[in-house]
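What the coordinates show
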Amino acid sequence: RTPALEIDALTLSYRRRGQRLPAVRNVSLSLAPGRTLGIAGESGCGKSTLAMAALGYLPGNARIEQGEVRIAGQSLARLSPEALRRLRGRQVAAVYQQPAAALNPAIPVGEQIAEVCRLHFGMGRAAARNATVEMLRKVQIPAPQALLHRYPHELSGGMQQRVVIAMALAPDPAVLILDEPTTALDATVQAEILALFAELRRTVSAAMLFISHDLAVLRQVCDELAVMYAGEVVERGPAQALLEQPMHPYTAALRRCIPNLDSDKRRGGLATIPGTPPELSALPGGCVFAPRCPIATPQCTAAPVPLATVAPSQQSRCLLPDLAGQAVRPSRAAPR
Ligand code: ATP
Ligand code: MG
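Given the structure is predicted, the values throughout are model-derived calculations rather than measurements. (Residues numbered from 1 in each chain as written. Chains lettered and ligands numbered in written order. Predicted model: local features only at pLDDT ≥ 70, side-chain atom pairs only at ≥ 80, totals over all residues. Heavy atoms only, no water.)

**What about the overall build of the chain?**
To keep things clear, this is the line we draw: Think of it this way: any DSSP run of H or I at least four residues long counts as a helix, any run of E at least two long counts as a strand, and we number them from the N terminus. As a reference, a globule follows 2.2 Å times the number of residues to the power 0.38, and the radius of gyration itself is taken over C-alpha atoms. The buried label goes to any residue with under 20% of its type's maximum accessible area, the exposed label to any with over 50%, and the partly exposed label to all in between, with areas taken from a 1.4 Å probe on protein chains only. The accessible surface values rely on the Shrake-Rupley method and a 1.4 Å probe; as for residues, cover is taken only from the protein chains in view. Here the positive residues are Lys and Arg and the negative ones are Asp and Glu; neither His nor the chain ends is included. In plain terms, the charge of a residue is placed at NZ if it is Lys, CZ if Arg, CG if Asp and CD if Glu.
When you go through the chain residue by residue, the secondary structure sums to twelve helices and twelve strands. Computed over C-alpha atoms, the radius of gyration of the chain comes to 21 Å, within 12% of the 20 Å expected from 2.2 N^0.38 for 336 residues, which places it in the range of a compact globule. With the C-alpha coordinates aligned to their principal axes, the bounding extent of the chain is approximately 70 × 45 × 40 Å. A burial count over the chain gives 49% of its 336 residues as buried. When the accessible surface of the chain is totalled, it reaches about 15,700 Å², and 52% of it is carbon and sulfur. Here the chain contributes 36 positive and 26 negative side-chain charges, whose respective centroids are spaced 2 Å apart.

In structure tokens, the structure reads:
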């Protein structure tokens, strides 16, 4: 089957103050219909840039240096602006952090969803209304009829986000992009929306690209994971394998930030990763994570480290993948 989303050796830069910042570097990902791929990584590592590239929706100062994005087999770069606009409504949809920003405050939510159905399927009023109720059920809104005539400001943040998800799914897209869809919600509501995604994962045909800085969130909803650092994918593979047996010290460090997952209770509470990601304008020569890495050797800084297969369907950009999991345990972090 044709993958729903293919990102093929994508390199993308932003122009800022006369400089080109390589925000996404040589990223390749493939996502089959119905699968969920999580993108993890700290702030600024290029997650949203990748999402915008997948939507063909980049700001004016961005430039694709190399590679391409294909949605359901169609290369975005080859589409006319008009064809791209059509594809964006129909084949690829996105949900962001702030649901209110995605809704028109002046129009009842039922009408906003119905409008999408009319636009994409040429439905009449009655059919669009039925489809809307159906979509609201799909996102587990308990009394959909009662919600149709409500305005966005009358709904809680969690309800608003459900409406936005219903609207995104209404055209039955091949790809649904979720950029931190639960980050702005309080903990209880976040758990409810994550439970919804766990359900949607089984019931919708869309492939989902789920972006979060929080591995604990991704763990609950993803089949596969890609971990980004300073614009590169440093590790990717089946979600469970990556979490149980990280083969890159950055994944291992992110994993240690999940409370109650790591059995190493010594640190108590939340672990943090010392140091900060490098400036895109001054990337280190070898492995980009080496300056923060507890197991780095001189070899790591000598030349760029390629993404290599380290376990069945698991790839890592680390020269010492077998040591990655132990990377910051005090017993293993050799004094240097
Ligand atoms: P966050 O978790 O904070 O949302 P992110 O992983 O989504 O971060 P991006 O927003 O993709 O990261 O940013 C990647 C890099 O590109 C950052 O260094 C950021 O400063 C830079 N960047 C993002 N948008 C632009 C822009 N429009 N112009 C210039 N630089 C940008
Ligand atoms: Mg972002």
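**Examining the domain arrangement of the chain**
For clarity, the cut-off: Residue ranges for the domains trace back to a domain assignment, done automatically or taken from a database. In what follows, a contact means two residues having at least one pair of non-hydrogen atoms within 4.5 Å. A simple way to read buried area is as the amount of 1.4 Å-probe accessible surface that goes missing from two parts once joined, with both sides added. A pairing counts as a salt bridge when a side-chain nitrogen of Lys or Arg comes within 4 Å of a carboxyl oxygen of Asp or Glu. Within 3.5 Å is the distance limit for a polar contact, defined as a pair of N or O atoms, with the added protein rule that one can donate a hydrogen and the other accept it, and that residues adjacent in sequence qualify only through two side-chain atoms.
Annotation of the chain at the domain level lists domain 1 (1-91 + 178-222), domain 2 (100-172) and domain 3 (250-336). Domain 1 and domain 2 are separated by 23 Å when their C-alpha centres are compared. Opposite the 14 residues of domain 1 that make contact, domain 2 presents 13 residues. Buried area between domain 1 and domain 2, summed over both chains or domains, comes out near 1,200 Å², and the portion from carbon and sulfur atoms is 64%. Taken together, the connections running from domain 1 to domain 2 amount to one salt bridge. Where domain 1 packs against domain 2, one counts four residue pairs in polar contact (both at pLDDT 80 or more). Breaking the side of domain 1 that touches domain 2 down by element, the ones donating at least two residues are α2 (81-90) and α8 (187-203).

**Comments concerning helix α5 (residues 125-138)**
Heads up, the condition is: Here, expected helix span is obtained from the residue count minus one, scaled by 1.5 Å.
For α5, spanning 14 residues, the distance from its first C-alpha to its last is 20 Å, which sits close to the expected 20 Å at 1.5 Å a residue. Those residues of α5 lying buried are A128, A131, T132, V133, M135 and L136. Remark: Q140 follows α5 within two positions and exhibits a positive phi of approximately 60 degrees.

**Side note on the environment of E6**
Summarising the element assignment, E6 is placed in strand β1 (residues 5-16). For E6 and Q91, which are 85 residues apart along the polypeptide, the C-alpha to C-alpha distance reads 13 Å. Not counting the four nearest positions on each side in its chain, E6 is found in contact with L29, S30, E68, V69, R70 and G73.

**Observations concerning the environment of L79**
Position of L79 among the secondary structure elements: in the loop between β5 (74-75) and α2. Through-space distance from the C-alpha of L79 to that of G56 is 9.7 Å; in sequence the pair is 23 residues apart. Each residue touching L79, except ones within four places of it in the same chain, is listed here: Q74, L84 and L87.

**Description of the side chain of D223**
Among the secondary structure elements, D223 is positioned in the loop between α9 (215-221) and β9 (224-229). The exposure class of D223 is buried, given its relative accessible area of 18%. Dropping the residues within four chain positions of it, D223 is found in contact with G34, R35, T36, R201, P238 and A239.

**Considering the packing of helix α7 (residues 157-169) against α8**
The line we're drawing: To obtain each axis, a line is fitted to C-alpha atoms, and for helices this fit is confined to the stretch in contact; angles are then taken between N-to-C directions over 0 to 180 degrees. Angle categories are assigned with fixed cut-offs, so that under 35 degrees is roughly parallel, over 145 is roughly antiparallel, 65 to 115 is roughly perpendicular, and the rest are oblique. Helix crossings are classified by the rotation of the near helix relative to the far one: an anticlockwise turn of less than a right angle makes the crossing left-handed, while a clockwise turn makes it right-handed. Side-chain classes are defined by residue name, with Ala, Val, Leu, Ile, Met, Phe, Trp, Tyr, Cys and Pro counting as nonpolar, Asp, Glu, Lys and Arg as charged, and the others, Gly among them, as polar.
The contact between α7 and α8 brings their axes to 10 Å, and the two run at 20 degrees. Looking at the two axes, α7 sits roughly parallel to α8. In the packing of α7 onto α8, the handedness of the crossing is right-handed. Of α8, the residues touching α7 (which contributes G158, Q161, R162, I165 and L169) are V189, E192, I193, L196, F197 and L200. A class-by-class count of the residues in the contact of α7 with α8 yields seven nonpolar, two polar and two charged.

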